[in-house]
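Chain by chain, the residues:
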Amino acid sequence: MALILVFGLLSLTIFAGSIISASMSRGFKSLEDRLGADIMVVPYEAVTKSDLKDMILQGNPGYFYMNGEYLDEIGALEGIGRISPQYYLATVKASCCSVPVQITGYDPATDFVITPWIKKSAGGEPGYLDVVVGNDLNAFVGDEMSFFGVKVNVSAKLDKTGTSYDTMVFTTGDTIKTLIEASLNRQLNEYSNINAGNVISCILIDTADGYDVEDVMNDINLHFKKLKAVRTKNMIAGVSDSIAAASDITGTVSVIVCVIALAVMTLACIMMLGERKKEFAVFRAMGASRRMLSQMIMSEGFMISLSGAVLGILTGFVVIFPFSGYIESRLSLPFLLPEVGTVMSTAIVSVILCVTVGTSATGIMAARVSRADTGEMLRSGE
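Only a predicted model underlies this, so the values are computations on that prediction, with no experimental measurement involved. (Residues numbered from 1 in each chain as written. Predicted model: local features only at pLDDT ≥ 70, side-chain atom pairs only at ≥ 80, totals over all residues. Heavy atoms only, no water.)

Q: Quick question: what am I supposed to make of empty space enclosed by the protein here?
A: Any empty space left between the atoms is revealed when a probe the size of a water molecule rolls over them. Under the definition given, this model contains 2 cavities of 30 Å³ or more. Approximately 40 Å³ is the volume found for the second largest cavity. Considering the residues around the second largest cavity, the lining is formed by Met265, Cys269, Met272, Ile297, Glu300, Gly301, Ile304, Thr362 and Met365. For the lining of the second largest cavity, the secondary structure elements donating two or more residues are helix H9 (237–275), helix H11 (290–320) and helix H13 (340–371). If you tally residues by element for the lining of the second largest cavity, the top one is H11, at 4 residues. Here the lining of the second largest cavity is built from residues that sort into 6 nonpolar, 2 polar and 1 charged. (1 Å grid on protein atoms, 1.4 Å probe; cavity = no way out; pocket = protein on both sides within 12 Å on 5 of 7 lines; lining within 4 Å. Points joined across faces, edges and corners; volume = space filled by probe spheres on them. Helix = DSSP H or I, 4+ residues; strand = E, 2+ residues; numbered from the N terminus. Nonpolar A, V, L, I, M, F, W, Y, C, P; charged D, E, K, R; others polar.)

The following block contains the structure:
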C-alpha cells in the first residue's frame, strides 16, 4: 500500500502538473486571440493607472474616455491597417445595476477582435439593448438585466475562454453609449463632463502589411501627446513569463518525484529480496524456473505501479476539474482546461511513465533473484 501511494503521488504530480501547465498555455493562447490587435491606443492618463492591465487582462471593472475624433485622425496615419474603437463602462453595486461587471462595447462594422468570437459562439450580432455575457456570469439567454436603470436583454452566452472575457459583458456601440448616458444622468460616472455620443475608450489597430509595429506605435505617440499607444504583446509579456515559470516549476517537481519514486521502489525491492529469499528458494525447489521467478517479480512491480498510477489519475480528475475555477482564481492567470483528447493522452502518458519507473526498479530485484543460488538462499534466508 505504501508503494501504491508513492506511485499515486508520482502519477498525480505528472498528470496534474501537465494539465495545469497545458491549461495555462491554452488560456494564454486564448488571451492572445481575444486581444487580437497589434496596438492599443488609450488616453495617456489611463496608462498611469495601476489597474489598466488588471482591467484589460483580468476583467477588473474600470473605464476611461477620450474624444472620438481621434479615431479618424489616427486612421489617417501611414501604416494603419484595420482600426476599430472600443468602449468601456463599469457598473456599480447598487439597485440600478443587476451585477457589478465590466461592460465592453464595440463597433460591429469595423471590429476585428470581438466580432469573430461572438459570431462563432453566439451565431450573430446583438441588437440594440442586447448584451452578450461571458461564460462565468450567472446569466442566460432570455434573461433581462438592468444597468443604470436601463433594461437590456441577454441575447447570447459565450463559450469558455479561460480569460477575463468570461466575466465581462459585451454589446454594440449604440447600446453602450446609451448606458454611458444613463450612468451620467444618475451621476454614477467619474467623467461627468463628457458627451456620451462622442467618446471612445480605446482604439485597436492592426498595422498594414509591410509596416513595423514599433514604427507605427512610435508615430502615434509622436503625433498625439494626450494619447498612449501600447503594443498588446508587451502587455501580456508578464503573463507569458509567469506561465513559463510555473511550467518550469511543475516540470522540475515531476522529475524530482520520479527520481524519489524510483529510489524508493528500488530500495523496497532490495529490502524485500532479503526478506523473501526462502520464499524464492522454495519456489525454485518446487520446480519454478529463474524466468518464472523473474516474471512473478516483474508482475508484482507492474501491478503496484499500475494501481498507484490509476489512483493518482483518478485523484487528479477529482481535484482539478471540479475545482478549475478556484485554481484559476488562485493562479490569477489565463486558465482554460484542455480538450478531452489532450486530457486522456496526458493520463495515458502519466500511467506509462509510472509503470516504466515501477518495472525498472523491480527489474533490479528480478535480475538478482535469477542469478542467486537456491541452496545459498535456503541457508542464508532469515
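Q: Explain H11 here, please?
A: For an α-helix, 3.6 residues make a turn, and residues three or four places apart therefore share a direction. Taking 1.5 Å per residue, 31 residues should reach 45 Å; H11 reaches 45 Å between its end C-alpha atoms and fits that length. Residues of H11 that are buried: Leu293, Ser294, Ile297, Gly301, Ser305, Gly308, Ala309, Gly312, Ile313, Gly316 and Ile320. (Expected span 1.5 Å × (residues − 1). Buried < 20%, exposed > 50% of the residue type's maximum accessible area, 1.4 Å probe, protein only.)

Q: Hey, could you run me through the nonpolar core in this one?
A: Counting 67 residues, the largest nonpolar core has Val41, Ile74, Phe147, Phe170, Ile203, Ile205 and Ile220 as its most contacted members. The element that contributes the greatest number of residues to this core is strand S3 (residues 80–90), accounting for 6 residues. If sequence neighbours within four positions are ignored, Ile205 has contacts with Ala37, Asp38, Ile39, Val41, Ile74, Ile80, Arg82, Ile83, Phe112 and Ile220. Grouped together as the second largest cluster of nonpolar side chains are 19 residues, Leu10, Val257, Met265 and Val357 included. (Core = buried A, V, L, I, M, F, W, Y, C linked by side-chain atoms within 4.5 Å. Contact = heavy atoms within 4.5 Å.)

Q: Just checking my understanding: could you explain the sheet that holds strand S10 (residues 202–207) for this structure?
A: Hydrogen bonds along the backbone pair up the strands of a sheet, which may run parallel or antiparallel. A sheet is described by the order of its strands in space; here 9 strands give the open sequence S6-S7-S5-S8-S4-S3-S10-S1-S11, paired in mixed fashion. The strands lining the two open edges of the sheet, one partner per strand, are strand S6 (144–147) and strand S11 (227–231). Strand-to-strand twist of the sheet, defined as the mean angle between neighbouring strand axes without regard to direction, takes the value 35 degrees. Strand direction decides the pairing type here: strand S4 (residues 102–106) and strand S8 (residues 168–172), joined by 5 bridges, are parallel. (Pairing = 2+ DSSP bridges. Axes fitted to C-alpha atoms, helices over the stretch in contact; angles between N-to-C directions.)

Q: Which parts of the structure should I look at to understand the environment of Ser95?
A: One can find Ser95 in the loop between S3 and S4. Note on Ser95: relative accessible area 81%, which makes it exposed. Taking the C-alpha atoms as reference points, Ser95 and Phe147, separated by 52 residues in sequence, lie 9.1 Å from one another.

Q: Please clarify how the confidence of the model for the chain should be interpreted in this entry.
A: The predicted structure's coordinates, where accompanied by low pLDDT, should not be read in detail. Per-residue confidence for the chain gives a mean pLDDT of 82; residues scoring 70 or more make up 87%. Mean pLDDT values for the elements of the chain range from 61 in helix H14 (residues 374–380) up to 93 in strand S9 (residues 199–200). (pLDDT = per-residue confidence, 0-100.)

Q: What's the story with the pattern of salt bridges in this structure? I'm lost.
A: Pairing between side chains becomes possible if they bear opposite charge and their charged atoms approach one another. Considering all chains together, one arrives at 2 salt bridges under this definition. Residue Arg82 pairs with Asp206 through a salt bridge whose shortest N-O separation is 2.5 Å. Within this pair, whereas Arg82 is found in strand S3, its partner Asp206 is found in strand S10, the two being separated by 124 residues in sequence. Here Arg82 falls in the partly exposed class, since its relative accessible area comes to 47%. Between Arg231 and Glu214 there is a salt bridge, with its nearest N and O atoms 3.0 Å apart. Residue Arg231 is located in strand S11, and its partner Glu214 is located in helix H7 (residues 213–223); the two are separated by 17 residues in the primary sequence. When its relative accessible area of 22% is taken as the criterion, Arg231 is described as partly exposed. (Salt bridge = Lys/Arg side-chain N within 4 Å of Asp/Glu carboxyl O.)

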